[in-house]
Amino acid sequence: MNEASFIPKTPYEDSYWPSHGSIGFQAPSNIALVKYWGKHGLQLPMNASLSFTLGRCHTQTVLSFSKKEKGAVDFDVFLNGTKTPSFAPKIQVFFERIEPYVPFLKSFRFVIETHNSFPHSSGIASSASGMGALAMCLVAMEQRLQGSTTTKLSIEALQKASFLARLGSGSAARSIEGPLVVWGKHAAIEKSSDLYGTVYPYEVHPNFENYQDAILLVDTGVKQVSSTVGHGLMQGHPYADQRFRQANDHLGKLVPILRSGDLESFVAIVESEALSLHAMMLTSQPYFVLMQPNTLEIINRIWVYRRETGVQVCFTLDAGANVHVLYPENEKESVQKFIASELEPFCKEGKYILDHAGLGAQRLLP
Ligand code: PMV
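Residues numbered from 1 in each chain as written. Predicted model: local features only at pLDDT ≥ 70, side-chain atom pairs only at ≥ 80, totals over all residues. Heavy atoms only, no water.

**What about the site of the ligand?**
Definition in use: Whether a residue is near a molecule or strand depends on its heavy atoms: it is near if one of them lies within 4 Å of it. In the analysis that follows, any N or O atom pair within 3.5 Å is treated as a polar contact, provided that within protein one partner can donate a hydrogen and the other can accept it, and provided that, for residues neighboring in sequence, both atoms belong to side chains. In these tables, accessible area is a Shrake-Rupley quantity obtained with a 1.4 Å probe, and a residue counts as shielded only by the protein chains included in the view. Residues were grouped as follows: Ala, Val, Leu, Ile, Met, Phe, Trp, Tyr, Cys and Pro as nonpolar; Asp, Glu, Lys and Arg as charged; and all remaining residues, including Gly, as polar. Those domain boundaries reflect an automatic or database domain assignment.
Around the ligand lies a shell of 13 residues, among which Tyr36, Ser171, Arg174, Ser227 and His231 are the nearest. In this structure, an oxygen atom belonging to the ligand sits 2.7 Å away from a side-chain N or O atom of arginine 174. Contact distances for the ligand include 2.6 Å between an oxygen atom and a side-chain N or O atom of serine 227. Calculation on the ligand without its partners gives an accessible area of 390 Å², and the protein chains cover 92% of this total. Looking at the shell around the ligand residue by residue, the classes come out as 5 nonpolar, 5 polar and 3 charged. Residues from two domains meet in the shell around the ligand; each of domain 1 (3–201 + 359–365) and domain 2 (208–356) gives at least three.

**Overview of the sheet that holds strand β13 (residues 352–356)**
Put simply, the test is: Here, any two strands with at least 2 DSSP bridges between them count as paired. Every helix listed is a DSSP run of H or I at least four residues long, and every strand listed is a run of E at least two residues long, numbered separately from the N terminus. Each axis is a line fitted through C-alpha atoms, and for a helix only the stretch in contact is used; angles between axes span 0 to 180 degrees, taken between their N-to-C directions. Only heavy atoms matter for contacts: two residues are in contact if any of them lie within 4.5 Å across the pair.
Pairing in this open sheet of 4 strands is antiparallel, and the strands run β11-β12-β10-β13 from one edge to the other. Strands at the two margins of the open sheet, each flanked by one partner only, are β11 (314–317) and β13. Averaged over all neighbouring strand pairs, the angle between strand axes comes to 25°, with direction disregarded. Where helix α6 (residues 263–282) meets the sheet, it contacts β11 and β12 (323–327), and its direction lies at approximately 30° from that of β11. Running over the sheet, helix α7 (residues 293–309) touches β10 (212–216), β11 and β12 and is turned about 155° from β11.

**What about the domain arrangement of the protein chain?**
Selection rule: Buried area is calculated as the accessible area (1.4 Å probe) missing from two parts once they are joined, with the contributions of both summed. The term salt bridge refers to a side-chain nitrogen of Lys or Arg lying within 4 Å of a carboxyl oxygen of Asp or Glu.
On domain assignment, one finds that the protein chain holds domain 1 (3–201 + 359–365) and domain 2 (208–356). Relative placement of domain 1 and domain 2: their C-alpha centres are 26 Å apart. Contact residues are listed per partner, giving 32 residues for domain 1 and 42 residues for domain 2. Both sides together, the interface formed by domain 1 and domain 2 hides about 3100 Å², and carbon and sulfur atoms give 69% of it. If you look at where domain 1 meets domain 2, you find 1 salt bridge. A salt bridge links aspartate 318 to lysine 35; the shortest N-O distance between them is 3.7 Å. Joining domain 1 to domain 2, the criterion identifies 12 residue pairs in polar contact (both at pLDDT 80 or more). Elements that contribute at least two residues to the side of domain 1 that touches domain 2 include exactly β1 (20–34), β4 (49–67) and β8 (180–183). Per element, the largest residue contribution to the side of domain 1 that touches domain 2 is 8 residues, and it comes from β4.

**Considering the side chain of threonine 114**
By the secondary structure assignment, threonine 114 is in strand β7 (residues 108–116). In this structure the side chain of threonine 114 is engaged in a polar contact, spanning 3.3 Å, whose partner is the side chain of threonine 61. Apart from residues no more than four positions distant in its own chain, threonine 114 is found in contact with Thr59, Gln60, Thr61, Val77, Phe78, Leu79 and Asn80.

**Side note on helix α8 (residues 332–343)**
For the α-helix, the turn length of 3.6 residues means that residues three or four positions removed from each other point alike. Stated formally: When accessible area is computed with a 1.4 Å probe and restricted to protein chains, residues below 20% of their type maximum are described as buried, those above 50% as exposed, and intermediate ones as partly exposed. Relevant arc is that of directions from the helix axis to the C-beta atoms, nothing else.
Along α8, the residues that are buried comprise Val335, Gln336, Phe338, Ile339 and Leu343. End-on, the buried residues of α8 take up no more than an arc of 155°, which puts them together on one face. Those residues of α8 that are exposed and angled more than 90 degrees off the buried face are Glu333, Lys337 and Ser341. If you follow the buried residues of α8, they end up packed against β10, α7, β12 and β13.

**Examining the pairing of β11**
Burial of the side chains of β11 extends over both faces: Cys314 and Thr316 are buried on one face and Phe315 and Leu317 on the other. Sheet analysis places β11 next to β12, joined by 4 bridges and oriented antiparallel. Among the inter-strand pairings, threonine 316 is bridged to a residue of β12, identified as histidine 324. The antiparallel pairing of β11 with β12 creates a hairpin that spans 5 residues between the two strands.

**Description of the pattern of salt bridges**
Applying the stated criterion across every chain, the model contains 11 salt bridges. Between aspartate 74 and arginine 109 there is a salt bridge; the shortest N-O distance is 2.7 Å. Within this pair, whereas aspartate 74 is found in strand β5 (residues 74–79), its partner arginine 109 is found in strand β7, the two being separated by 35 residues in sequence. Accessibility expressed as a relative area gives 29% for aspartate 74, which makes it partly exposed. Of the charged contacts, one joins lysine 351 and glutamate 349 as a salt bridge, the two residues approaching to 3.0 Å between their closest N and O atoms.

**A few points about the side chain of threonine 53**
One can find threonine 53 in strand β4. Beyond its immediate chain neighbours, meaning those up to four positions away, threonine 53 contacts Pro28, Ser29, Asn30, Arg174, Glu177, Gly178, Pro179, Val181, His356, Ala357, Gly358 and Gly360.

Written out as structure tokens, the structure is:
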């Protein structure tokens, strides 16, 4: 597969196109176990990454379209029913990037109505789930314009949705399927690709089934460093090459760990990945500290709890201060008690979200 394989082969028969319609999809957020940080070309990753797709944190998008004369891309975007022009520049760039692969884009006017299951001001990035949901709507629309009457999307269509979503936000490539998705070519993972995410193809031990993720909201403000700036800081970063090697090495090591259910080794890699991601930001030019005092309090308490109870609960972080607490389903009761009593006081307004690994995007309508 290369980029050209995503350009539709058969020209669309546009006289048959519906003059208007709507398509709706829900796409999940995801949490990386092996982090993507650093890119090249058009949203291509410098290393392979692996994530759990989330079950509860998602974006729901309805894409309404009406036929127009071919011209510039034309759309309005609404978040929770309110027109949100601040989202438009990112979508404009996205539409321009994907136009070669979605040639009907300029022949319709679009209204994009989007809702997140998590509060917008939670500090949880909505770009992965948002781009995932929009990409799913577009491939479903393409399938309809090509005359297909089925609402089921083919494997090729899911691959294309991931490919398109990636062009909007790299990590969105991992927001189409679940529960474990690899993005980025890796020698140990068959069929892995830099162009799109693929479902992790090997045996996964029951220890990792329905893995739990409690998202502790430490900082609910605007991101201190945008992803675009953050990825950019890896260019010329003194530790970049070692970091890309480390991430690929971690992913290779996770294959036997996921198979055997070795939670201790899993924890060691996942936490190292989170801290290495932040280490890159601590050592870039300019440099950033994205953790906050409460992030460190939470990490320390997780370590004490793990040491004292032997429960293999661990943390991971995105490019911000919030903490994802990861734990096996069979430890749910005790870990959730621990979170409520010991970690909640460090969350902004005591807020956290109990989530778990999920299965991927779903059609909402028609
Ligand atoms: O998809 P982006 O460009 O917002 O990058 C996200 C990067 C991290 O969330 C920090 C790590 C990851 O792999 O998801």
